[in-house]
Amino acid sequence: MEEKYGGDVLAGPGGGGGLGPVDVPSARLTKYIVLLCFTKFLKAVGLFESYDLLKAVHIVQFIFILKLGTAFFMVLFQKPFSSGKTITKHQWIKIFKHAVAGCIISLLWFFGLTLCGPLRTLLLFEHSDIVVISLLSVLFTSSGGGPAKTRGAAFFIIAVICLLLFDNDDLMAKMAEHPEGHHDSALTHMLYTAIAFLGVADHKGGVLLLVLALCCKVGFHTASRKLSVDVGGAKRLQALSHLVSVLLLCPWVIVLSVTTESKVESWFSLIMPFATVIFFVMILDFYVDSICSVKMEVSKCARYGSFPIFISALLFGNFWTHPITDQLRAMNKAAHQESTEHVLSGGVVLPISYHLPLREDKKLFTFVELFYGVLTNSLGLISDGFHMLFDCSALVMGLFAALMSRWKATRIFSYGVVPLIKDACQVLLLRLPPEYEKELHIALEKIQKIEGLISYRDPHFWRHSASIVAGTIHIQVTSDVLEQRIVQQVTGILKDAGVNNLTIQVEKEAYFQHMSGLSTGFHDVLAMTKQMESMKYCKDGTYIM
């Protein structure tokens, strides 16, 4: 496995021992971003090619050839034995442990590739260390890391659960079938037995295997930082570690070659495919990541590196069996058979949305969901895609309204846009305009003094539109007055106060007397009755308190 934390990165600019990337103007970052994206695209090509090679080559032989080619290249160009300080015995022991750990992680990685296929392997395993460390910090530390990291951790966990529970495609299950007794070696038999012990299908066991390998890879990189500084840099460490890995795997490969029957008819035909995988997956990716980690921040490398590799995985997952790509897979006899390796099931859609660099934006996920809904003829995905499209449209409209509220007044819109929004809110909330409050208070005092009106209750006034203020009021009058005259007086007073749409409920004195005898629950009625009993009426209809 590649160690991406070299001494030159840790030393910082000028060798002063400070941490952090070299300051590079933003305009010059473009070429590094393009280089990083193109490298990740090629790595996706290499992993799809690796999957085809693993159908014919034993996994241990495959890893041995990758390590051998990588070690040859890096020893030739890095010259780890002639450059740098002498490696001590204690450091050689650490390099040996580094090589063993790298071989184990590579074994888990490529065995998970054989079980899940390249699409799911890229979705699960190709994460930057900083992403996984953020996930683990959210899960196992009290500090958390903020809402963005918490949301990302939740999406990652949900994505893994979806692959385990909802990735139930029959083609995937058929692809992963392996008749007992026909395993290539005791190693593959042991791995298949371990997965069977968990009680899950092989491709779901591959999901668990890749998650385990991902966590091990991050821990492996973190533990290797100090060693890379001690031996003189990450490149020298990788060259020596790959060389030791070759020496470790060589006896195993010899035994496998003698005891197992090879599926490869001509190793010569596999030279170009293996060269492609070695250069794209092992060498180019390591060197470009090392360069970009010096020139850019780690978070930027993770962001710009993840997007192209996952998009490439989606494209190759749909078109890898196209006749154009058959030229890359001519060495595989099964290349022209009907392919089921890269099928897209419902459980893969959420992991796809998690990996796109829009985890806080629904827009692209909407179109991804619509695209794959049409592709897989899924009514659920299509309907949910339109649902999210309408949600996004509402958000855009709300954002546009917020921006409009900041517009200054012009000759056409002399009041700007804020008053319009404010008026609309007042109408929806049935609020009394503040400019009417004082006048209405005075109007209610005038109403209380009208001759023949005992009292009023439940006055309600609100803005009905920009030019209409509506209101309702209940008035209590004596039995011998002309109620129409009272209504005209109340209407005139409130109209002068600005209420131009009024509803008045007239209640006679006899009504209260009747209701008070029927129900003791009318507290207001009883209180009104007591008030009326305390009044002394004159012959002309007036009353004295």
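What comes next is a walk through the structure.

Here is what the cut-offs are and how they apply
Residues numbered from 1 in each chain as written. Predicted model: local features only at pLDDT ≥ 70, side-chain atom pairs only at ≥ 80, totals over all residues. Heavy atoms only, no water. Helix = DSSP H or I, 4+ residues; strand = E, 2+ residues; numbered from the N terminus. Buried < 20%, exposed > 50% of the residue type's maximum accessible area, 1.4 Å probe, protein only. Core = buried A, V, L, I, M, F, W, Y, C linked by side-chain atoms within 4.5 Å. Contact = heavy atoms within 4.5 Å. Salt bridge = Lys/Arg side-chain N within 4 Å of Asp/Glu carboxyl O. Pairing = 2+ DSSP bridges. Axes fitted to C-alpha atoms, helices over the stretch in contact; angles between N-to-C directions. Parallel < 35°, antiparallel > 145°, perpendicular 65-115°, else oblique. Left-handed = near helix turned anticlockwise from the far one by under 90°. Nonpolar A, V, L, I, M, F, W, Y, C, P; charged D, E, K, R; others polar. Right-handed = clockwise from strand over helix to strand, strands pointing away.

A word on unusual backbone geometry
Then, number 1: The phi dihedral of lysine 79 falls on the positive side, at around 50 degrees, and the residue is not glycine.
Then, number 2: One can find lysine 79 in the loop between helix H3 (59–78) and helix H4 (89–116).
Then, number 3: Of note, the phi angle at aspartate 458 is positive, near 50 degrees, even though the residue is not glycine.
Then, number 4: You can see aspartate 458 is positioned in strand S1 (residues 453–463).
Then, number 5: The class of aspartate 458 is partly exposed, set by a relative accessible area of 37%.

Quick look at the nonpolar core
Then, number 1: Core analysis: the biggest nonpolar cluster contains 80 residues, and Ile59, Phe62, Leu66, Phe110 and Phe111 have the highest contact counts within it.
Then, number 2: Among the elements that make up this core, the one with the highest residue count is helix H12 (residues 271–295) (twelve residues).
Then, number 3: Setting aside anything within four residues of it in sequence, one finds isoleucine 59 in contact with Leu54, Leu107, Phe110, Phe111, Leu187 and Thr188.
Then, number 4: Counting 21 residues, the second-largest nonpolar core is a separate cluster that includes Ile450, Val469, Ile475 and Val490.

Remarks on the pattern of salt bridges
Then, number 1: The final tally for this structure, using the stated rule, is ten salt bridges.
Then, number 2: The salt bridge partner of glutamate 126 is lysine 43, with a shortest N-O separation of 2.8 Å. Highlighted residues: glutamate 126 in the loop between helix H5 (118–125) and helix H6 (129–140) and lysine 43 in helix H2 (residues 29–53), separated in sequence by 83 residues.
Then, number 3: When its relative accessible area of 5% is taken as the criterion, lysine 43 is described as buried.
Then, number 4: Put simply, lysine 508 and glutamate 483 hold a salt bridge, and the shortest N to O gap is 3.5 Å. Residue lysine 508 is found in strand S3 (residues 501–508), and its partner glutamate 483 is found in helix H20 (residues 483–496); the two are separated by 25 residues along the sequence.

So, the pairing of strand S2 (residues 469–477)
Then, number 1: Burial runs high along S2: seven of the nine residues are buried.
Then, number 2: By the bridge criterion, eight bridges tie S1 to S2 in an arrangement that is antiparallel. Its bridge partner lying in S2, leucine 453 is registered against valine 477.
Then, number 3: Between the antiparallel neighbours S1 and S2 lie five residues.

Points about the packing of H3 against H12
Then, number 1: Contact geometry of H3 with H12 gives a least axis separation of 10 Å together with a crossing angle of 55 degrees. In terms of orientation, H3 and H12 fall into the oblique class. The two elements H3 and H12 meet at a crossing, and its hand is right-handed. Residue-level inspection shows Phe62, Ile65, Leu66, Gly69, Thr70, Phe73, Met74 and Gln78 of H3 in contact with H12, the latter providing Phe274, Val277, Ile278, Met282, Ile283, Phe286 and Tyr287.
Then, number 2: The residue makeup of the contact of H3 with H12, split by class, is twelve nonpolar, three polar and no charged.

Details of the pairing of S3
Then, number 1: Sheet analysis places S2 next to S3, joined by eight bridges and oriented parallel. Across the sheet, residue threonine 472 finds its bridge partner in S3, namely threonine 503.
Then, number 2: Taken together, S2, H20 and S3 constitute a β-α-β crossover, and its handedness is right-handed.

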